[in-house]
Amino acid sequence: MMMNDPIGDMLTRIRNAQMRGKSTVKTPASKLRAWVLDVLASEGYIRGYEKAETADGQGEITISLKYFEGTPVIRDLKRVSKPGRRVYMASKDIPSVRNGLGVSIVSTPKGVMSDAAARSANVGGEVLCTVF
């Protein structure tokens, strides 16, 4: 199967798994996916993730989802920059999500980071997604 938007696919898998109340969800491994998950984990939106090798050598990431009193910690997970319409912003233009309650995940020259980290490092980049 041809995959045009691996990040979008991973976000959809997370949303779907949470609707079903699953504790974990699997996604094909990639560096960018892992970097996005690092931000989600450090911001407290997921418990964490584990990489495993698969027979075809692609590798697989198992994401541990997080719930609070039975409801998913991630209430909203939106793709911002899409393959058909990329969204780039300077550090000063990166909007805060829900007045700072949420997080934008930005791919910058200094790595994938949260909107707050990008602002304090004074780097802009591609706004991959927003979470709250």
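This is a predicted model, so every value here is computed, not measured.

Undergrad: How should I be thinking about helix α1 (residues 6-19) in this particular structure?
TA: Because an α-helix completes one turn every 3.6 residues, residues spaced three or four positions apart along the sequence face the same direction. The end-to-end C-alpha distance of α1 is 20 Å, a good match for the 20 Å that 14 residues give at a rise of 1.5 Å each. Within α1, the full set of buried residues consists of I7, G8, D9, M10, L11, I14, A17 and Q18. Downstream of α1 by a residue or two, G21 has a phi angle that is positive, lying close to 75 degrees.

Undergrad: Honestly, helix α2 (residues 31-42) in this entry has me stumped. Any pointers?
TA: With twelve residues, α2 should reach 16 Å at 1.5 Å per residue; the first-to-last C-alpha distance of 16 Å fits that figure. G44 occupies a position one or two residues after α2 and carries a positive phi of about 85 degrees.

Undergrad: What is the right way to look at the nonpolar core in this model?
TA: Inside soluble globular proteins, nonpolar side chains tend to come together where they are buried. Grouped together as the largest cluster of nonpolar side chains are 25 residues, with contacts concentrated most on I14, V36, L37, L40, I63 and I105. Elements represented by at least two residues in this core include exactly α1, α2, β3 (60-65), β8 (103-108) and β10 (125-131). V36 has contacts with I7, M10, I105, V112 and L128, leaving out every residue within four places of it along the chain. V106, M113, A118 and V123 belong to the second-largest nonpolar core, a separate cluster that totals five residues.

Undergrad: Would you mind going over the pairing of strand β9 (residues 111-114) with me for this structure?
TA: When β8 meets β9, the two strands line up antiparallel, connected through four bridges. The residue of β9 that forms the bridge with S107 is V112. Taken together, β8 and the strand that follows it, β9, pair antiparallel across an intervening segment of two residues.

Undergrad: It is not clear to me how the environment of I74 should be interpreted in this structure. Could you clarify?
TA: Residue position: I74 is located in the loop between β5 (71-72) and β6 (77-79). Beyond its immediate stretch of four places on either side in the chain, I74 contacts I14, Q18, Y45, I46, V131 and F132.

Undergrad: How should the side chain of R79 be read in this particular structure?
TA: Structurally, the position occupied by R79 is in strand β6. By relative accessible area, R79 is classed as buried at 16%. A polar contact is formed between the side chain of R79 and the backbone oxygen of L128, at a distance of 3.0 Å. R79 has contacts with D5, I7, G8, L11, R86, L128 and C129, leaving out every residue within four places of it along the chain.

Here is what the cut-offs are and how they apply
- Residues numbered from 1 in each chain as written.
- Predicted model: local features only at pLDDT ≥ 70, side-chain atom pairs only at ≥ 80, totals over all residues.
- Heavy atoms only, no water.
- Helix = DSSP H or I, 4+ residues; strand = E, 2+ residues; numbered from the N terminus.
- Expected span 1.5 Å × (residues − 1).
- Buried < 20%, exposed > 50% of the residue type's maximum accessible area, 1.4 Å probe, protein only.
- Core = buried A, V, L, I, M, F, W, Y, C linked by side-chain atoms within 4.5 Å.
- Contact = heavy atoms within 4.5 Å.
- Pairing = 2+ DSSP bridges.
- Polar contact = N/O pair within 3.5 Å; in protein donor to acceptor, adjacent residues only side chain to side chain.

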